Structure formats: structure tokens, C-alpha cells
Amino acid sequence: MRQTFEEMLSEIIRPEVENLGYVFWGLTSPATGKKRVVRIYIDGPEGVNIDQCAEVSRQVGLMLEVEDVIPGAFVLEVSSPGLERLFFSPDQMAGYVGRKVDVLLQEPVGDRRKFKGELTGVKDDTITLDVEGNSIDFDWTAIKKVALVHEF
């Protein structure tokens, strides 16, 4: 299978972030507008603050300029994953069993692409949700986006 631009960027950026002592949570890089936006999400044992994000931004920005892997102009954003974090792999979800998540599928199942429910299991590349009393398995490859729902 061909590697996406985001996967290629992640392979380059992950070691840089981890060498600075942070967890590389994930990356998005939608190709819209004149400048590409590269959003890096980092985390740490107690979360991360703005100074830590700025440190990663300076280091990764410099590395991306030197490596010249992004064609044209780009904007680099570094932040924590936040309370309603996106998940970039099923492994990241294991610690959130029992919490509510929103799932957006690549293709509809029946007439639905959006599901909200309690995460009840993560096994290999499959996540299981309790949606309105029904247990539904989702293969990771069928998921376009999945995010934690923060409840106050």
C-alpha cells in the first residue's frame, strides 16, 4: 500500500519530537489553500504547555526547512491533543475504554457514517462501541476520524 504524505511526515517528525522528551500523538496536514498546514499533536505525562509546544515547533520547523520535505510554503502548528482528542491509531484508544467517542466512517454502514457511543473494547485493528445499547465493531481501516467526547 502506498504511503500517504501524512504518514511520511509522521515518520520524519516522530523521532524529533520523541528526542525532545514528548509523546508524538499524531499529525494532520490537509492540503487546502495556498499554504499547507501541518498540525502536530504532542503529549507528555502531565500534558504539555505552550512553552513546550513552542520548543517542538522551533525544532521541528528548523528540521523541516533543512530537509525540504514539504513543497512550497507551509504553516506549522504544535499543540496538545486536547480534551476531545483525535485518535491516530487503535493503540492510543486502549486507555479510553469506558469513555464516549465520536466515529466518522469512510463509507456509510447502512445509511449512517457517524456514530457516538461508549468505547467498550480495542483489539488489534478493531474498536467496539456500545451505541444505544448495541455493540458495534469498527475496523480501523473503515474509520475516517475518531475523537474523544469530553463530558463535564
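Residues numbered from 1 in each chain as written. Predicted model: local features only at pLDDT ≥ 70, side-chain atom pairs only at ≥ 80, totals over all residues. Heavy atoms only, no water.

(A) Molecular detail of the overall build of the chain. The helix and strand tally for the chain stands at three helices and eight strands. Put simply, the chain runs from its N terminus to its C terminus through helices and strands in the order α-β-β-α-β-α-β-β-β-β-β. Projected onto the principal axes, the alpha-carbon positions of the chain cover approximately 50 × 35 × 25 Å. Counting the 152 residues in the chain, one finds 36% classified as buried. Across the chain, the fraction of contacts at a sequence separation of at least 24, relative to all contacts at a separation of at least 6, is 53%. Working note: accessible area of the chain is about 9,500 Å², and carbon and sulfur atoms make up 48% of it. When the 17 basic and 26 acidic side-chain charges of the chain are each reduced to a single mean position, those positions are 7 Å apart. (Helix = DSSP H or I, 4+ residues; strand = E, 2+ residues; numbered from the N terminus. Buried < 20%, exposed > 50% of the residue type's maximum accessible area, 1.4 Å probe, protein only. Contact = heavy atoms within 4.5 Å. Areas by Shrake-Rupley, 256 points an atom, 1.4 Å probe, with all protein chains shown as cover. Lys, Arg positive; Asp, Glu negative; His and termini not counted. Charge placed at Lys NZ, Arg CZ, Asp CG, Glu CD.)

(B) Quick peek at the nonpolar core. Residues Ile13, Val17, Ile40, Ile42, Val60 and Leu64 are the most contacted members of the largest nonpolar core, which totals 19 residues. If you list the elements that add at least two residues to this core, you get helix H1 (5-19), strand E1 (23-28), strand E2 (36-43), helix H2 (50-67) and strand E3 (74-79). By residue number, the principal contributor to this core is H2, which donates five residues. Ranked by size, the runner-up nonpolar core spans 18 residues in total, among them Trp25, Leu105, Leu119 and Leu129. (Core = buried A, V, L, I, M, F, W, Y, C linked by side-chain atoms within 4.5 Å.)

(C) Representation of the environment of Gly133 within the structure. With respect to the element layout, Gly133 can be found in the loop between strand E6 (126-131) and strand E7 (134-139). Assessed through its relative accessible area of 63%, Gly133 is described here as exposed. When the C-alpha atoms of Gly133 and Glu118 are compared, they prove to be 9.6 Å apart, with 15 residues separating the residues in sequence.

(D) Structural view of a positive patch on the surface. A cluster of like positive charges, contributed by Arg113, Lys114, Lys144 and Lys145, occupies part of the molecular surface. Those elements giving two or more residues to the positive patch turn out to be strand E5 (112-123) and strand E8 (143-148). With respect to the helices and strands, the residue Lys145 is situated in strand E8. (Patch = residues over 30% accessible without salt bridge, like charges linked within 9 Å, V, L, I, M, F, W, Y side chains within 5 Å. Salt bridge = Lys/Arg side-chain N within 4 Å of Asp/Glu carboxyl O.)

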